Amino acid sequence: MAKGESPLKQFEVQPIVEINVFGLDLSFTNSALWMTITTVFIIAFFTIPFLKTKKTNSVEDLYPSRLQVASELGFNFISSLINDTVGKEGKKYFPLVFALFMFILFGNLFGMIPYSFTFTSHIIVTLALAMGVFIFVTVLGFVKHGVKFFGFFVIPGLPIYMLPLLIPIEVISYLSRPISLSVRLFANMLAGHTLLKVFAGFVSALGFFGILPLVFIIALTGLEILIAFLQAYVFAILTCLYINDALHLH
Amino acid sequence: MPQLEQVEFFISQLFWLGVFFVILFTVLTYFTLPKIRAFLNKRDEFVQSHISKQDELIKKAEQLIQNYETKINEAKDQANKIINEAKESALVESEKLIKATEEKIQNEIKQTEEKVAQEKNQALSELNSQLKESATNFITKITNFDKDKIKI
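Residues numbered from 1 in each chain as written. Chains lettered and ligands numbered in written order. Predicted model: local features only at pLDDT ≥ 70, side-chain atom pairs only at ≥ 80, totals over all residues.

Engineer: If you had to explain the overall build of chain A to someone new, which residues and values would you point to?
Structural biologist: Secondary structure summary: chain A contains seven helices and four strands in total. Going from the N terminus to the C terminus, chain A shows its helices and strands as β-β-β-β-α-α-α-α-α-α-α. For chain A, the C-alpha atoms occupy an extent of roughly 70 × 60 × 50 Å along the three principal directions. Counting only residues that meet the buried cut, chain A has 32% of its 250 residues in that class. Of the contacts made within chain A by residues no fewer than 6 positions apart, 64% connect residues no fewer than 24 positions apart. (Helix = DSSP H or I, 4+ residues; strand = E, 2+ residues; numbered from the N terminus. Buried ≥ 20, exposed ≤ 12 C-beta atoms within 10 Å, placed from the backbone. Contact = placed C-beta atoms within 7 Å.)

Given below as structure tokens:
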């Protein structure tokens, strides 16, 4: 990092190919580049191990290769996550949760590579994902329950005079879902990467004693990888819980 | 903060996010995930079929063990029967033999006793006649009586 450079510079979007369609700036940026890498990687990671074309029908076909074990792990992880939170009806929404989890997870993890770009550290990206989930879940609720979906805001077994107070609270908490969902991911990524950059600045500023922040950075990088996984998990599990709410109301 | 300052790239980011997420979602939904699921199902079926086969084999083995045990028990019973029969017949035979031997011995004892008694009688009568003779001789020598006139 050059001296005086802001630790926030890593979040700058830089256009790679400028594209302009009907006055809209649709430039292919470094953000889009890392989305491409993430998408291609996920598809490759989960598809290639299962592309065995030999059809000998022998037992050897059923032994998983090492790569296949890794992708099965991801598959089973999300599968059991949905099973635990939504139940059997959740099977339909498996591809959505799976795609969301993997997209965010590998977006976060690729962001840990030096000189890469973390698209999940952009509020516009996380907000778009969260709004997508929010709109999907709301539409799902209305499709499943019709007008009864408004009953979601009424807590059963509550005295009637409490309702004027609690219904607005429920509505606000419902509407704040996409904000909390997006800001949680965005803020975690932003804070982590900024912290790493700030301490990296100390390493170069302190000379020999820079070894201390360097050790700290190494530990912090491990923590950041954990957070990268954790935030993707939180996003996925909250999506599952919202789907569950939409399916079963209370 | 570039996240809030670079508003000019919002549309671009949203556009590319939409493009790539839709691509990812579509490929995963219609290609990758069904493939994985099919594979896992295939393996589960294989494992299940082998488990049920194993159960069958275990049942068969248990049946065989039962058969074996009943047969062994039958054989043991038969063996015991044969042994008992043999013991009984041996007992009867030996008793017969003992009886026969005892009778034989008794007979021999009887015969011997008879023989002894006969010999004893004979000896006694012989002794008697000899005594008579010697007594006669003695008297004739003393009295000079005719030998034939003496009567004892």
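Engineer: Lay out the interface of chain A and chain B in plain terms, naming residues and giving numbers.
Structural biologist: Chain A puts 32 residues into the contact, and the matching count from chain B is 31 residues. Elements supplying a minimum of two residues to the side of chain A that touches chain B: β3 (24-25), α1 (30-47), α2 (66-85), α3 (94-111) and α4 (123-145) of chain A. Counting residues per element, the side of chain A that touches chain B draws most heavily on α1(A), at nine residues. Counted by class, the side of chain A that touches chain B contains 22 nonpolar, eight polar and two charged residues. (Nonpolar A, V, L, I, M, F, W, Y, C, P; charged D, E, K, R; others polar.)

Engineer: Lay out the environment of Ala205(A) in plain terms, naming residues and giving numbers.
Structural biologist: As for its placement among the helices and strands, Ala205(A) is situated in helix α6 (residues 177-205). Sequence separation between Ala205(A) and Phe50(A) is 155 residues, and the spatial gap between their C-alpha atoms is 50 Å.

Engineer: Give a detailed account of unusual backbone geometry, specifying residues and quantitative values.
Structural biologist: All names here are of chain A. If you check the backbone angles, Tyr115 has positive phi at about 70° while not being a glycine. In this structure, Tyr115 sits in the loop between α3 and α4. Classification of Tyr115 as exposed rests on a count of 6 C-beta atoms within 10 Å.

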